[in-house]
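One-letter residues, chain by chain:
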Amino acid sequence: GAVVSQHPSRVICKSGTSVKIECRSLDFQATTMFWYRQFPKQSLMLMATSNEGSKATYEQGVEKDKFLINHASLTLSTLTVTSAHPEDSSFYICSARDEILETGELETQYFGPGTRLLVL
Amino acid sequence: LAKTTQPISMDSYEGQEVNITCSHNNIATNDYITWYQQFPSQGPRFIIQGYKTKVTNEVASLFIPADRKSSTLSLPRVSLSDTAVYYCLVGQVDSSYKLIFGSGTRLLVRP
C-alpha cells in the first residue's frame with residue numbers, strides 16, 4: 001500500500017509555544033489530506049480536511065486559529081498547534097487519499113504513523 | 001455519513017478464525033466499507049475494503065450481504081500479533097471522502 005509519513009514522531013514543548021507537524025505522502029500525490037486527534041483509550045477524531053491550494057475545512061468544535069493547516073503541495077500538509085497548552089497533548093494522525101485508481105478500484109485512505117505531542 | 005456499530009471487544013485464541021461484524025444500517029448507494037487495524041501509539045493500518053459481496057486479500061476476507069447493511073471482517077488463524085483495535089468505516093465516493101471513526105473493536109488474542 002501507499003506510504004504516509006509524519007514528522008516528528010514525538011515532540012515535547014512548553015506551554016504557550018507553537019508546534020508544527022508535517023504529513024507527507026511518499027509515493028503518491030494527494031489533493032486531500034486529513035488530520036485526526038486521538039486521546040488515550042479513545043477513537044480517532046477528525047479535526048479537519050486539508051485541501052491542496054485552498055483553505056482547510058474544520059470539523060465542528062475545532063478552532064481553526066489554534067490548529068493551522070497548510071497544504072502547500074500535493075505531497076505535504078502541515079498542522080501547526082499554536083500557543084499549545086497541556087490539554088492539547090494528544091496523538092495527532094494524518095491521512096491521505098490515494099486518488100489514482102485502476103479500473104474497478106476504490107479510493108483508499110492511508111494513515112501516517114502519528115505524532116505524540118506532550119505540552120508541559 | 002453512515003454510522004457504524006461494532007462490538008466493543010472480542011476475545012480469541014491463537015489459531016482460531018475471528019469474525020468481527022459491523023452494522024451500517026443507513027449505508028448509502030455511494031458508500032463503501034473499509035476496515036483498519038490499529039496498534040497502540042500507531043496510525044491505523046488499512047486491511048481491506050469492499051462495496052458488495054466478498055473481497056479477499058492476503059490478510060483477511062470481507063463479507064458484505066446483498067442489502068449491505070452489515071459487513072463481516074474475517075481474520076483466518078489469528079496470532080498474538082493480531083491483538084489490536086479494528087475499525088469499520090463507511091466512506092463515500094465523493095469529494096468529501098471523510099472517514100468518521102466509531103469506537104472500534106478491541107480484539108484480544110490469547111495464547
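Residues numbered from 1 in each chain as written. Chains lettered and ligands numbered in written order. Predicted model: local features only at pLDDT ≥ 70, side-chain atom pairs only at ≥ 80, totals over all residues. Heavy atoms only, no water.

Draft legend 1. How the structure looks around unusual backbone geometry. In this model, H7(A) is joined to P8(A) through a cis peptide bond whose omega is 0°. Checked against the element boundaries, P8(A) lands in the loop between strand 1 (4-7) and strand 2 (10-13). The phi dihedral of R77(B) is positive, around 50°, even though this residue is not glycine. Counting through the fold element by element, R77(B) comes out in the loop between strand 7 (70-75) and strand 8 (84-92). (Helix = DSSP H or I, 4+ residues; strand = E, 2+ residues; numbered from the N terminus.)

Draft legend 2. The nonpolar core, seen in detail. By size, the foremost hydrophobic cluster in this structure holds 26 residues, and its most contacted members are V4(A), W35(A), F67(A), L79(A), Y92(A) and L117(A). Listed in part, the 20 residues of the second largest apolar core include I33(B), W35(B), I47(B) and L75(B). (Core = buried A, V, L, I, M, F, W, Y, C linked by side-chain atoms within 4.5 Å. Buried < 20%, exposed > 50% of the residue type's maximum accessible area, 1.4 Å probe, protein only.)

Draft legend 3. Layout of the side chain of S89(A). Mapped onto the secondary structure, S89(A) falls in the loop between strand 8 (76-81) and strand 9 (90-98). Beyond its immediate sequence surroundings of up to four residues, S89(A) is in contact with F39(A), L117(A), L118(A) and V119(A). (Contact = heavy atoms within 4.5 Å.)

Draft legend 4. View of the pairing of strand 7 (residues 67-73) of chain A. Relative to strand 8 of chain A, strand 7 of chain A runs antiparallel, the two sharing five bridges. In the sheet register, N70(A) faces strand 8 of chain A, and the bridge partner there is T78(A). (Pairing = 2+ DSSP bridges.)

Draft legend 5. Broad picture of the state of the cysteines. Residue and element names in this part refer to chain A. Overall, the coordinates contain two disulfides over all chains when judged by the stated rule. Sulfur-sulfur distance for the disulfide between C23 and C94 comes to 2.0 Å. Across the disulfide from C23 to C94, rotation about the S-S bond amounts to roughly 80°, and the bridge is consequently right-handed. Remark: C94 occurs in strand 9 and C23 occurs in strand 3 (residues 19-25); sequence separation between them is 71 residues. (Disulfide = S-S within 2.5 Å.)

Draft legend 6. Structural detail: the packing of aromatic side chains. Evaluation of the coordinates by the stated rule reveals ten aromatic pairs over all chains. Ring plane angle 85° and centroid distance 5.1 Å describe the contact between F111(A) and Y36(B), whose orientation is recorded as edge-to-face. In this pair, F111(A) sits in strand 10 (residues 108-111) while Y36(B) sits in strand 3 (residues 31-38), so the two residues belong to two different chains. Y36(B) carries the same exposure label as F111(A), and that label is buried. Pairing Y36(B) with F101(B) gives two aromatic rings, centres 6.2 Å apart and planes at 45°, and the pair type is tilted. Placement of the pair is Y36(B) in strand 3 and F101(B) in the loop between strand 8 and strand 9 (105-110), with a sequence separation of 65 residues. For the pair formed by Y36(B) and F101(B), the shared burial category is buried. Grouped by ring-pair contacts, the aromatic residues F28(A), Y36(A), Y110(A), F111(A), Y36(B), F46(B), Y87(B) and F101(B) constitute a single cluster. (Phe/Tyr/Trp six-rings, centres within 6.5 Å; stacked < 30°, edge-to-face > 60°.)

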